[in-house]
Amino acid sequence: MEEEGFWENIEESQKTMKEISSLNDSLKASDSLEEKYEDIRMLIELADEEEDTSLIPEIRKELEFFKKEFEELRIQTLLSGEYDTYNAIVTLHAGAGGTESCDWVNMLYRMYTRYAQSEGYGLTVLDFQDGEITGLKGITFEVNGENAYGHFESEKGIHRLVRISPFNSAGKRQTSFASCDVIPDIEDDIDVEINEDDLKIDTYHSSGAGGQHINKTSSAVRITHLPTGIVVQCQNERSQLFNKDKAMQMLRSKLYLLKKQEQEEKMSGIRGEVRDINFGSQIRSYIMHPYTMVKDHRTGEECGNVNAVLDGELEGFINAYLKQRNSNG
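Residues numbered from 1 in each chain as written. Predicted model: local features only at pLDDT ≥ 70, side-chain atom pairs only at ≥ 80, totals over all residues. Heavy atoms only, no water.

**A look at the confidence of the model for the chain**
Working step 1: Taken as a whole, the chain shows an average pLDDT of 84; of its residues, 83% reach a score of 70 or greater.
Working step 2: pLDDT under 50 marks residues 209-215. Its contacts with residues more than four places away, or in other chains, come to 16 contacts.
Working step 3: Predicted confidence for residues 270-274 stays below pLDDT 50, and this span has four contacts to residues more than four positions away or in other chains. (pLDDT = per-residue confidence, 0-100. Contact = heavy atoms within 4.5 Å.)

Here it is, written out as structure tokens:
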């Protein structure tokens, strides 16, 4: 017991040091912005006194850099949710649309991979299932890095794609759907009781064909929580024990969040809305025909460059969500 308490104290100290380091980085960024502001102000005064118009391009360039860094720092201040600093576990599932939706899941996985890389996050696939013809029926991956959950929380919901089908010889327009579920990777002890009798635990071989995403294993684990119907899977590790531990960790997080949501709904008298992966339930639409546009239906944020978004340029949508969340909070 003493040894267990020792390691708990070590983990708590590490967590505290991480928070201090994060605050220190924010303070340095703020001081740097203040210095740049003063430099720009002095440049403007100099240009005004000397009536030197040649300084105008330099001033404009410095102002653009300043506005970009200011906006980045402002967004960081919005990442104040209870779990924003945690790693994120993201699950994508194909919805209505068959082969089209499996291809759409693969496109979304690529989009999030590109975004994670641009932010310096690590990404590890925990489980996946290939589509019958192409793409993915589903995939679960972990995103590791500071404020990963805070950034990826905005992606939770139904994503809708409209395009000319590459799988239809008639070249008809096709609508596809995929769901995205995001939970924080809560590694701390969570006050959630799980009855072993409520669990259905299955082991299976990796569903991958040739290890497109991860190596094939014979120790994959699927856990079904019978009272809620929640299913979690992990096949990333070669050890069945490690896969089970990771799956149980995901299950605890999901049950904890479900319990918290039920308490909040009970207090507010509001019942959460259950949505199918189908028409009329999307949070964001990606239109590739007859025009090109990505629109977030919660914030109203739009972008006409669909390909850029699918290449991982999600900052505008994520920032708009954080601003809205902060104003509603």
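**Quick notes on the packing of aromatic side chains**
Working step 1: Using the criterion set out here, one finds eight aromatic pairs in the structure.
Working step 2: Considering the side-chain rings of Trp104 and Tyr286, the 4.9 Å spacing of their centres and the 70° angle between planes classify their relative orientation as edge-to-face. Within this pair, whereas Trp104 is found in helix H3 (residues 99-118), its partner Tyr286 is found in strand E9 (residues 282-287), the two being separated by 182 residues in sequence.
Working step 3: Residue classification places Tyr286 among the buried residues on the basis of a relative accessible area of 0%.
Working step 4: Between the NZ or CZ atom of Arg222 and the centre of the ring of Tyr204, over which it lies, the distance is 4.4 Å. (Phe/Tyr/Trp six-rings, centres within 6.5 Å; stacked < 30°, edge-to-face > 60°. Helix = DSSP H or I, 4+ residues; strand = E, 2+ residues; numbered from the N terminus. Buried < 20%, exposed > 50% of the residue type's maximum accessible area, 1.4 Å probe, protein only. Lys NZ or Arg CZ within 6 Å of the ring centre and 35° of its normal.)

**So, the nonpolar core**
Working step 1: By size, the foremost hydrophobic cluster in this structure holds 58 residues, and its most contacted members are Leu92, Tyr112, Ile139, Phe141, Val143, Phe152 and Tyr286.
Working step 2: Each residue touching Val143, except ones within four places of it in the same chain, is listed here: Asn87, Ala88, Val90, Ala116, Tyr121, Gly122, Leu123, Ala148 and Phe152. (Core = buried A, V, L, I, M, F, W, Y, C linked by side-chain atoms within 4.5 Å.)

**Topic: the sheet that holds strand E4 (residues 157-164)**
Working step 1: Overall, mixed pairing links the eight strands, which are arranged E2-E3-E1-E5-E4-E9-E10-E11 in an open sheet. In this open sheet, the two edge strands, each paired with only one partner strand, are strand E2 (122-130) and strand E11 (302-303).
Working step 2: Bridge analysis of E9 against strand E10 (residues 293-296) gives four bridges, and the strand direction is antiparallel. Bridge pairing in E10 links Tyr286 to Val294.
Working step 3: Contacts from H3 reach strand E1 (88-94), E2, strand E3 (136-144), E4, strand E5 (173-184) and E9, with the element oriented near 50° to E5. (Pairing = 2+ DSSP bridges. Axes fitted to C-alpha atoms, helices over the stretch in contact; angles between N-to-C directions.)

**Some remarks on the side chain of Glu153**
Working step 1: Mapped onto the elements of the fold, Glu153 is located in the loop between helix H4 (148-152) and E4.
Working step 2: Not counting residues up to four positions away in its chain, the partners in contact with Glu153 are Asp84, Val182, Tyr321 and Arg325.

**Some words on the environment of Gly145**
Working step 1: Tracing the chain through its elements places Gly145 in the loop between E3 and H4.
Working step 2: A relative accessible area of 22% means that Gly145 is categorised as partly exposed.
Working step 3: The sequence separation of Gly145 and Ala88 amounts to 57 residues, and the corresponding C-alpha distance is 8.6 Å.
Working step 4: If near-sequence neighbours (up to four positions away) are discounted, Gly145 is found in contact with Thr85, Tyr86, Asn87 and Tyr121.

**Remarks on the pairing of E10**
Working step 1: If you look at the hairpin formed by E9 and E10, you'll find five residues sitting between the two strands.
Working step 2: The loop that links E10 with its antiparallel partner E11 comprises five residues; one of these, Gly300, has a positive phi angle of about 85°.

**Observations regarding a negative patch on the surface**
Working step 1: Negative charge collects at one region of the surface, where Asp31, Glu34, Glu35, Asp39, Glu58 and Glu62 lie side by side.
Working step 2: Those elements that provide at least two residues to the negative patch are helix H1 (2-50) and helix H2 (56-78).
Working step 3: Counting residues per element, the negative patch draws most heavily on H1, which supplies four residues.
Working step 4: Along the chain, Glu35 falls in helix H1.
Working step 5: On the accessibility criterion, Glu35 (54% relative accessible area) is exposed. (Patch = residues over 30% accessible without salt bridge, like charges linked within 9 Å, V, L, I, M, F, W, Y side chains within 5 Å. Areas by Shrake-Rupley, 256 points an atom, 1.4 Å probe, with all protein chains shown as cover. Salt bridge = Lys/Arg side-chain N within 4 Å of Asp/Glu carboxyl O. Lys, Arg positive; Asp, Glu negative; His and termini not counted. Charge placed at Lys NZ, Arg CZ, Asp CG, Glu CD.)

**Some details on the side chain of Ser154**
Working step 1: Of note, Ser154 is situated in the loop between H4 and E4.
Working step 2: Residue class for Ser154 comes out buried when judged on its relative accessible area of 0%.
Working step 3: In this structure the side chain of Ser154 is engaged in a polar contact, spanning 3.2 Å, whose partner is the backbone oxygen of His151.
Working step 4: The residues contacting Ser154, other than those within four sequence positions of it, are Ile283, Arg284, Arg298, Ile318 and Tyr321. (Polar contact = N/O pair within 3.5 Å; in protein donor to acceptor, adjacent residues only side chain to side chain.)

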